[in-house]
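What follows is the residue order along each chain.
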Amino acid sequence: MPFEFPEGLAPEVYPLAWLVGSWRGEGVVKYPGIEETPFVHDVVFDHDGGPYLRYESTLRVLEAEVPETVPDEGAWPERDGATLDAAAADAPVWSTETGYWRVSTDRPDGLEDDRHPLEVLIADPAGRVSVYLGAVGNGRVDLASDLIARTSTASEVTASKRLYGFVEGQLLWVWELAAFGEPLQSYASAKLTRRPSA
């Protein structure tokens, strides 16, 4: 089935069109001082016709057994959709984010012809606003923090990287953090499935 651009999507964000929609899946958060914890991750990329995508993310902590290690080659333990929906309904919120994704008109030297420069602004209620720069192309997004501003009461996060990959119809996601005095390292990862349109 050929890909169709979402109705009304601005041409400026065509390189991000494959992200548009609602996604849900399971993942694991683990970091020094944070025990390995399973979660359900909901992500929405939508638009209002402007030259950007709106982004919303919610992580909810799940009660479940976590495997000793993340399985290789995508062999992730999974619940079916209905079971995951039921588990997520009562799961407490771990974190939320909102933001905007834009394809930049500034093309950095050395960026491959089949990739597009990307600017992402993300805010969270823990008191941080992060600006990421990166690239999108070939079903992959690579982002690295350019600026992380925080309120006086927010935990210090000094760097962050994110990777999104579209693999066999699913959205794979990895988040690295340098926070709480720790060096940049894996913080969370998940595998998401596009939810049917309402």
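Residues numbered from 1 in each chain as written. Predicted model: local features only at pLDDT ≥ 70, side-chain atom pairs only at ≥ 80, totals over all residues. Heavy atoms only, no water.

### A word on the pairing of strand β4 (residues 93-103)
Both strand β3 (residues 53-61) and β4 contribute to a ladder of eight bridges, which runs antiparallel. What sits directly across from Leu53, in β4, is Trp101. Across six bridges, the pairing between β4 and strand β5 (residues 116-124) is antiparallel. From the neighbouring strand, Trp101 faces β5, where its bridge partner is Val120. (Pairing = 2+ DSSP bridges. Helix = DSSP H or I, 4+ residues; strand = E, 2+ residues; numbered from the N terminus.)

### Points about the environment of Ala10
Position of Ala10 relative to the elements: it lies in the segment before β1 (21-31). Placed 42 residues apart in sequence, Ala10 and Tyr52 show a C-alpha to C-alpha distance of 7.6 Å. In contact with Ala10, other than residues within four places in its own chain, are Gly49, Gly50 and Pro51. (Contact = heavy atoms within 4.5 Å.)

### Brief notes about the nonpolar core
If you look at the biggest cluster of nonpolar residues, it comprises 39 residues, and the most contacted ones within it are Leu16, Leu19, Leu53, Trp101, Leu118 and Val141. Residues contacting Val141, with those up to four places away along its chain left out, are Trp18, Leu19, Trp101, Arg115, Leu118, Ala135, Val136, Arg162, Leu163 and Tyr164. (Core = buried A, V, L, I, M, F, W, Y, C linked by side-chain atoms within 4.5 Å. Buried < 20%, exposed > 50% of the residue type's maximum accessible area, 1.4 Å probe, protein only.)

### Some remarks on the pattern of salt bridges
Applying the stated criterion across every chain, the model contains nine salt bridges. A salt bridge links Arg60 to Asp42; its shortest N-O distance comes to 2.9 Å. Of the two residues, Arg60 is situated in strand β3 and Asp42 in strand β2 (residues 34-46); the sequence distance between them amounts to 18 residues. When its relative accessible area of 13% is taken as the criterion, Asp42 is described as buried. (Salt bridge = Lys/Arg side-chain N within 4 Å of Asp/Glu carboxyl O.)

### Some words on unusual backbone geometry
Of note, the phi angle at Glu168 is positive, near 50°, even though the residue is not glycine. Residue placement: Glu168 occurs in the loop between β8 (157-167) and β9 (170-179). What makes Glu168 exposed here is its relative accessible area of 80%. With phi around 55°, Phe180 is a residue other than glycine that occupies positive phi space. Mapped onto the elements of the fold, Phe180 is located in the loop between β9 and β10 (185-194).

### Some remarks on the UniProt feature "short sequence motif: GXWXGXG" (unreviewed entry) in the chain
Here the UniProt-annotated "short sequence motif: GXWXGXG" (unreviewed entry) positions come out as residues 21-27. The straight-line gap between the two end C-alpha atoms of residues 21-27 is 19 Å; of that span, 0% is helix and 100% is strand. (UniProt positions renumbered as here; feature names shortened; annotations may be inferred.)

### Description of the side chain of His47
Among the structural elements, His47 can be located in the loop between β2 and β3. Given a relative accessible area of 18%, His47 falls into the buried group. Polar contacts involving the side chain of His47 include one to the main-chain carbonyl oxygen of Glu7, which spans 3.2 Å. One polar contact links the side chain of His47 to the main-chain amide nitrogen of Gly49, over a distance of 3.2 Å. Residues contacting His47, with those up to four places away along its chain left out, are Pro6, Glu7, Gly8, Leu9, Tyr52, Leu53 and Arg54. (Polar contact = N/O pair within 3.5 Å; in protein donor to acceptor, adjacent residues only side chain to side chain.)

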